[in-house]
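Residues per chain are reported as follows:
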Amino acid sequence: MTEGLLDEGELAMLVMPQDRQAPKGRLILPQQQIIRELLDRKCRVVCCDTDTMQDALDSLKEAPKAIIADSQVIDKVQKLKPEGTALSSFSILLAAAKGDIGYFKESAKTIDSLDGSSKVLIAEACTHVPATEDIGRVQIPRLLRSRAGESLQVDVVSGRDFPEDLSAYSLVIHCGACMFNRRYVMERVRQAKSQGVPMTNYGVAIAYIKKLL
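Everything quoted here is computed from the prediction, not taken from an experiment.

### Here's the deal with the sheet that holds strand S8 (residues 199–201)
As summarised here, the arrangement of the 4 strands in space is S6-S5-S7-S8, forming an open sheet in which the pairing is parallel. At either margin of the open sheet sits one strand with a lone partner, and together these are strand S6 (153–158) and S8. Along the sheet, successive strands turn relative to each other by an average axial angle of 25 degrees, direction set aside. Of the strand pairs in this sheet, strand S5 (residues 119–124) and S6 are connected by 6 bridges, and their pairing is parallel. Bridged to Val120 within S6 is Val154. With respect to the sheet, helix H5 (residues 101–108) is in contact with strand S7 (171–174) and S8, its orientation differing from that of S8 by roughly 100 degrees.

Right, here's the structure in full:
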């Protein structure tokens with residue numbers, strides 16, 4: 001997932017807010033996977049949350065080559081990151097590794113044309129119990145409705161419950177799909193493309209809305 005972003009020996013900072021959405025006593029799967037991948041590549045890894053990010057940066061002798069952040073805090077991290085340091089999110093790296101990042105980026109532009117009569121499908125790979133401020137069920141719909149209007153219809157599906165007919169939707173927004181393999185995600189992309197329906201990903205959509213893509 002981090003190929004081309006960091007080379008052996010380079011320094012990465014991972015910004016991982018441990019809020020109400022974070023599971024107790026463990027890290028979410030994308031965070032685990034990327035930490036392991038970076039360690040296998042012999043990179044140096046510094047982990048922090050948004051509250052301690054500035055202190056973590058101040059303690060370093062050099063700026064990180066790249067910062068990988070949770071999508072929901074990408075705008076806060078952007079304001080603090082050193083000049084010249086690359087910035088990405090866990091979800092965007094998953095989008096590039098498992099999906100069609102070019103299609104996801106192009107499809108994100110559809111957000112500008114959504115209005116109160118539009119329908120959006122949010123697709124989650126896992127079947128977790130939603131948190132109070134769940135990113136797919138609460139945060140992304142809130143961001144979309146703040147632009148398109150409160151009457152925007154947002155449907156949510158989870159696990160393998162993905163509609164065969166997507167034609168009613170103006171846009172599909174998929175999670176990072178850490179629970180699915182690339183072949184499975186690409187089949188959903190093929191399905192959306194064949195029906196002429198734009199499809200993007202949580203991290204790409206959030207970065208686009210916040211003008212950081």
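Once you've had a look at it, read on.
### Some thoughts on helix H8 (residues 202–209)
With 7 of 8 residues buried, H8 is to be regarded as a mostly interior element. Buried residues of H8: Tyr202, Gly203, Val204, Ala205, Ile206, Ala207 and Ile209, and no others. Of the residues trailing H8, Lys211 is marked for its positive phi of about 60 degrees.

### Re the sheet that holds strand S2 (residues 44–48)
Pairing is parallel in the open sheet, where 4 strands are placed in the order S2-S1-S3-S4. The strands lining the two open edges of the sheet, one partner per strand, are S2 and strand S4 (86–89). Adjacent strand axes in the sheet meet at a mean angle of 20 degrees when their direction is disregarded. Sheet analysis places strand S1 (residues 11–15) next to strand S3 (residues 66–69), joined by 4 bridges and oriented parallel. Paired with Met13 across the bridge in S3 is Ile67. The strands that helix H4 (residues 90–98) touches are S1, S3 and S4; relative to S4, the one it contacts most, it runs at about 80 degrees.

### As for the pattern of salt bridges
Think of it this way: side chains of opposite charge can pair up when their charged atoms draw near. Counted by the stated rule, this structure contains 10 salt bridges. Two residues, Arg137 and Glu124, come together in a salt bridge whose shortest N-O distance is 3.2 Å. Highlighted residues: Arg137 in helix H6 (residues 135–148) and Glu124 in strand S5, separated in sequence by 13 residues.

### Remarks on the packing of H4 against helix H7 (residues 182–194)
Their axes nearest at 9 Å, the elements H4 and H7 cross at an angle of 85 degrees. Between H4 and H7, the angle is such that the two are roughly perpendicular. Residues Ala96, Ala97 and Lys98 of H4 pack against Arg182, Val185 and Met186 of H7. In terms of residue class, the contact of H4 with H7 is built from 4 nonpolar, no polar and 2 charged.

### Things to note about H7
Between the first and last C-alpha of H7 there are 18 Å, a value that for 13 residues agrees with the 18 Å anticipated at 1.5 Å per step. Taken as a whole, H7 has its buried residues at Val185, Arg188, Val189, Gln191 and Ala192. Across the axial projection of H7, the buried residues extend over an arc of 160 degrees, all falling on one side. Residues of H7 that are exposed and angled more than 90 degrees away from the buried face: Arg183 and Ser194. Considering only its buried residues, H7 is in contact with H4, H5, S5, S7 and S8.

### Concerning the environment of Leu11
Turning to its location among the elements, Leu11 is positioned in strand S1. Overall, Leu11 belongs to the buried group, its relative accessible area being 5%. Between the alpha carbons of Leu11 and Ile67 there is a distance of 8.9 Å; along the sequence they are 56 residues apart. Apart from residues no more than four positions distant in its own chain, Leu11 is found in contact with Leu6, Arg44, Val46, Leu60, Glu62, Ala63, Pro64, Lys65 and Ala66.

### Some details on the packing of aromatic side chains
Applying the stated criterion across every chain, the model contains 1 aromatic pair. Seen from their ring centres, Phe180 and Tyr184 are 4.4 Å apart, and the 50 degrees between their planes marks the pair as tilted. For Tyr184, a relative accessible area of 25% gives the class partly exposed. If you follow Lys119 out to its NZ or CZ, it ends over the ring of Tyr169, 5.0 Å from the centre. Seen from the ring of Tyr103, Lys193 lies directly overhead, with NZ or CZ sitting 5.0 Å from the centre.

Rules and cut-offs
- Here the residue index of a chain counts from 1 through its sequence in written order.
- Where totals are concerned, whole chains, interfaces and linings use all residues; where local detail is concerned, this predicted model gives features only for residues with pLDDT of at least 70, and gives and counts side-chain atom pairs only at 80 or more.
- To obtain the side-chain values, all non-hydrogen atoms of the structure were used and water was disregarded.
- Should DSSP find at least two bridges between two strands, the strands are taken to pair.
- Secondary structure elements are taken from DSSP: a helix is a run of H or I of four residues or more, a strand is a run of E of two residues or more, and numbering for both begins at the N terminus.
- Helix axes are fitted only over the stretch in contact, all axes being lines through C-alpha atoms; the angle between N-to-C directions runs from 0 to 180 degrees.
- What makes two residues a contact is simply this: any of their non-hydrogen atoms within 4.5 Å.
- For every residue, the accessible area (1.4 Å probe, protein chains only) is compared with the maximum for its type, and the residue is labelled buried under 20%, exposed over 50%, or partly exposed between those bounds.
- Salt bridges are counted wherever a side-chain nitrogen of Lys or Arg sits within 4 Å of a carboxyl oxygen of Asp or Glu.
- If an angle is under 35 degrees, it is roughly parallel; if it is over 145, roughly antiparallel; if it lies from 65 to 115, roughly perpendicular; otherwise it is oblique.
- Here the nonpolar group is Ala, Val, Leu, Ile, Met, Phe, Trp, Tyr, Cys and Pro; Asp, Glu, Lys and Arg are the charged ones; every other residue, Gly included, is treated as polar.
- Here a helix's expected span is defined as the number of its residues, less one, multiplied by 1.5 Å.
- Working definition: the arc comes from the directions between the helix axis and the C-beta atoms, pointing outward to the latter.
- Any two rings among Phe, Tyr and Trp, with Trp reduced to its six-membered ring, count as a pair given centres within 6.5 Å; such a pair is stacked if its planes are under 30 degrees apart, edge-to-face if over 60, and tilted if neither.
- We call a charge positioned over a ring when the NZ of a Lys or the CZ of an Arg lies within 6 Å of the ring centre and within 35 degrees of the ring normal.

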